Amino acid sequence: MNSPNQNPEYTQSRKADHIRICLEEDVQFHHVTSGLESYKFHHCCLPEINRDDIDISTTFLGKRLGAPLLISSMTGGTQQAAMINQRLAKVAQQYKIAMGVGSQRVAVEKPQVADTFAIRKYAPDVLLFANLGAVQLNYHYGLDECLRIIDILEADALILHINPLQECIQPNGDTNFRGLLDKIRFICSNIAVPVIAKEVGNGISAVMAEKLLGAGVAAIDVAGAGGTSWAKVESERAENALQKRLGRTFADWGLPTAECITSIRAISSDVPLIASGGLRDGLDVAKSIALGADIAGLAMPFLQAAVVSEAALYDLVQVLIAEINTVLFCTGNSTLNDLYKSGSLRKKISTK
Ligand SMILES: NC(=O)C1=CN([C@@H]2O[C@H](COP(=O)(O)OP(=O)(O)OC[C@H]3O[C@@H](n4cnc5c(N)ncnc54)[C@H](OP(=O)(O)O)[C@@H]3O)[C@@H](O)[C@H]2O)C=CC1
Ligand SMILES: Cc1cc2nc3c(=O)[nH]c(=O)nc-3n(C[C@H](O)[C@H](O)[C@H](O)COP(=O)(O)O)c2cc1C
Ligand SMILES: C=C(C)CCOP(=O)(O)OP(=O)(O)O
Ligand SMILES: [Mg+2]
């Protein structure tokens, strides 16, 4: 008999739990922040540019984006998830921003739900990321499964998410992480699309980024601490007091997003770098870019808008774009590259 964590119905119901818990419970970090609030842009009173001339387009992994934004990997596998993915894909296409889907393990275990991830038809021009837990490579998954999930999405890249803390708290979580770097290396050298290594809200350090890049990973999504806490989410799913307590104890564990961005950019000037984890507005996005990220991902804000309506998603992206443009205007920069090079972002002196 299958253990619960290899049971397709169990995986599918976990996907539904994740959406419900994220929307209904307070699962944000409380005591650790993204670190972005410690930075402030230096205001420029005379920008000497026309706001209409500002250009926030960029290129990531060879594809042109209208703005440096990513809808972070979230969902798939249920009817509600299909609706969410469809809405997200349409807004991504409208604004030419990047998008990831949630872990496609459920589609491997239960092929009937593969179509809940099949969003290419709604987003023909969008940079799309497939998604799988790296740990599955220790649980009978290999090249075939990776190729299958890339194919479902006609994805431009494959995200391997790395989530040791979440798997520790998750009832029946997959916690054998032994030897994964070599398995990631094998996948990287045997598939045609780039592989992105991504955490889920606890951050990737410079040391680990270096190892992952050495294994052939093409890009890093830091998914740092300060936003959605997956220890809290899984603690809400706890089946006993120990699991509940474990989730509480580690609710605020991880490396803040700002720290991950600066430390990884310091060891590599050219690694394609995604900032995410606790980014909540266009100011956070602009700060991330100024710190060295190429694009910035948000999960929770997109989920909250997606369950309201497609119109709410259009509103959200418009606001994010207006906020990024306003930062560029009020710092006197016309492009994202100018912003990065300008030194407009300063670390605030602690007043404590
Ligand atoms: N670490 C955690 O995850 C904790 C979560 N909680 C949850 O908060 C709710 C209310 O708690 P209660 O005991 O009535 O007391 P309070 O709401 O008065 O909070 C007591 C302490 O817990 C912190 N806290 C409250 N909510 C959270 C949260 N969601 N995440 C992290 N820290 C939090 C508060 O810090 P601040 O207000 O500065 O964030 C405060 O220091 C309960 O649902 C409880 O499960 C409670 C304690 C710890
Ligand atoms: C409902 C939901 C489901 C998620 N599922 C996945 C997933 O399957 N794979 C993954 O890599 N990350 C997943 N994430 C994590 C996000 O991509 C992101 O790394 C994390 O939530 C931190 O970003 P945030 O603070 O903007 O929410 C999920 C997030 C949400 C809100
Ligand atoms: C939800 C997040 C943040 C990552 C994936 O969680 P799961 O552990 O539920 O994903 P799979 O095992 O189904 O890949
Ligand atoms: Mg998992």
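The model shown is predicted, which means the values in this text are computed figures rather than measured ones.

### A word on the UniProt feature "binding site: Mg(2+)" (unreviewed entry) in the protein
Working step 1: Look at the UniProt record and you will see "binding site: Mg(2+)" (unreviewed entry) annotated at Glu167.
Working step 2: Take Glu167: it is sitting in helix 5 (residues 164–169).
Working step 3: On the accessibility criterion, Glu167 (5% relative accessible area) is buried.
Working step 4: If near-sequence neighbours (up to four positions away) are discounted, Glu167 is found in contact with Val135, Gly173, Asp174, Thr175 and Phe177.

### Quick look at empty space enclosed by the protein
The gaps of empty space that remain are located by a probe, the size of a water molecule, rolled over the atoms.
Working step 1: All chains considered together, the criterion is met by 1 cavity of 30 Å³ or more.
Working step 2: One number sums up the size of the largest cavity: a volume of about 670 Å³.
Working step 3: Taken together, 39 residues make up the lining of the largest cavity; nearest its centre are Ser73, Met74, Lys198, Val200 and Trp230.
Working step 4: Elements that contribute at least two residues to the lining of the largest cavity include exactly helix 1 (8–24), helix 5, strand 11 (295–298) and helix 12 (300–306).
Working step 5: Tallying contributions element by element places helix 1 first for the lining of the largest cavity, with 5 residues.
Working step 6: Partitioning the lining of the largest cavity into residue classes produces 11 nonpolar, 21 polar and 7 charged.

### Quick look at a negative patch on the surface
Working step 1: On the surface, Glu24, Glu25, Asp26 and Glu236 cluster together to form a negatively charged patch.
Working step 2: Within the secondary structure, Glu24 sits in helix 1.
Working step 3: The exposure class assigned to Glu24 is exposed, which follows from its relative accessible area of 56%.

### Quick word on the layout of surface pockets
Working step 1: Taken as a whole, the largest pocket holds about 440 Å³ of empty space.
Working step 2: Considering the residues around the largest pocket, the lining is formed by 20 residues, among which Ile162, Pro164, Phe177, Glu199 and Met208 are closest to the centre.
Working step 3: Counting residues per element, the ones that place at least two in the lining of the largest pocket are helix 5, helix 6 (180–190) and helix 7 (206–214).
Working step 4: Grouping the constituent residues of the lining of the largest pocket by class yields 14 nonpolar, 4 polar and 2 charged.
Working step 5: Of the voids in this model, the second largest pocket is the one considered here, and its volume is about 280 Å³.
Working step 6: Lining the second largest pocket are 15 residues, and of these Ala293, Asp294, Leu336, Asn337 and Tyr340 sit closest to its centre.
Working step 7: Broken down by secondary-structure element, the contributors of at least two residues to the lining of the second largest pocket are strand 2 (58–60) and helix 14 (336–342).

### Brief notes about the site of ligand 3
Working step 1: Lining the immediate surroundings of ligand 3 are 14 residues, of which Arg14, Lys15, Ser103, Arg105 and Glu167 lie closest.
Working step 2: A distance of 2.5 Å is found between an oxygen atom of ligand 3 and a side-chain nitrogen or oxygen belonging to Ser103.
Working step 3: Contact distances for ligand 3 include 3.2 Å between an oxygen atom and a side-chain N or O atom of Gln166.
Working step 4: In isolation ligand 3 offers 390 Å² of accessible surface; the protein chains occlude 92% of this area.
Working step 5: Judged by its atoms lying within 2 Å of the grid points, ligand 3 is housed in the largest cavity.

### Structural notes on the site of ligand 1
Working step 1: Lining the immediate environment of ligand 1, one finds Asp26, His30, His31, Lys232, Arg248 and Ala251.
Working step 2: A distance of 2.3 Å separates a nitrogen atom of ligand 1 from a polar atom in the side chain of Lys232.
Working step 3: Interatomic distance of 2.8 Å between a side-chain N/O atom of Arg248 and an oxygen atom of ligand 1.
Working step 4: Against a free-state accessible area of 750 Å², the protein chains account for coverage of 35% of ligand 1.
Working step 5: Here the shell around ligand 1 is composed, by residue class, of 1 nonpolar, 2 polar and 3 charged.

Thresholds, definitions, all that
- Per-chain numbering applies: the sequence of each chain, read as written, is numbered from 1 onward.
- A letter from A marks each chain and a number from 1 marks each ligand, given out in the order of writing.
- Confidence filtering applies because this is a predicted model: local features only for residues at pLDDT of at least 70, side-chain atom pairs given and counted only at 80 or more, and all residues used for totals across whole chains, interfaces and linings.
- Only hydrogens and water are removed before side-chain values are computed, so all heavy atoms of the structure are retained for them.
- UniProt positions are given in the numbering used here, feature names are shortened, and annotations may be inferred rather than shown by experiment.
- The numbering of helices and of strands both runs from the N terminus, where a helix is a DSSP run of H or I of at least 4 residues and a strand a run of E of at least 2.
- Throughout this description, buried means an accessible area under 20% of the type-specific maximum (1.4 Å probe, protein chains only), exposed means over 50%, and partly exposed covers the range between.
- In this analysis, two residues are considered to be in contact whenever any of their non-hydrogen atoms come within 4.5 Å of each other.
- Here a cavity is any set of points on a 1 Å grid over the protein atoms alone where a 1.4 Å probe fits but cannot get out, and a pocket is any open set with protein on both sides within 12 Å along at least 5 of 7 lines; a residue lines the site when it has an atom within 4 Å of a point.
- Grid points are joined across faces, edges and corners, and a volume is the space filled by probe spheres set on the points.
- Asp, Glu, Lys and Arg are counted as charged, while Ala, Val, Leu, Ile, Met, Phe, Trp, Tyr, Cys and Pro are counted as nonpolar; the rest, among them Gly, fall into the polar class.
- Residues enter patches when they are more than 30% accessible in relative terms and free of salt bridges; like-charged ones are connected within 9 Å and nonpolar ones (Val, Leu, Ile, Met, Phe, Trp, Tyr) within 5 Å.
- All accessible areas in this document rest on Shrake-Rupley with a 1.4 Å probe, and a residue is counted as covered only by the protein chains that are shown.
- Between Lys or Arg on one side and Asp or Glu on the other, a salt bridge is scored when a side-chain nitrogen of the former is within 4 Å of a carboxyl oxygen of the latter.
- We score Asp and Glu as negative and Lys and Arg as positive, and we do not count His or the chain ends.
- Where a charge lies is defined by one atom per residue type: Lys uses NZ, Arg uses CZ, Asp uses CG and Glu uses CD.
- Near, as used in this document, describes a residue that has one of its heavy atoms within 4 Å of the molecule or strand being considered.
- Nitrogen and oxygen atoms within 3.5 Å of one another constitute a polar contact, given that in protein one can donate a hydrogen and the other can accept it, and given that sequence-neighbouring residues count only through two side-chain atoms.
- For this analysis, a molecule is said to be in a pocket or cavity if more than half of its atoms are within 2 Å of the grid points defining it.

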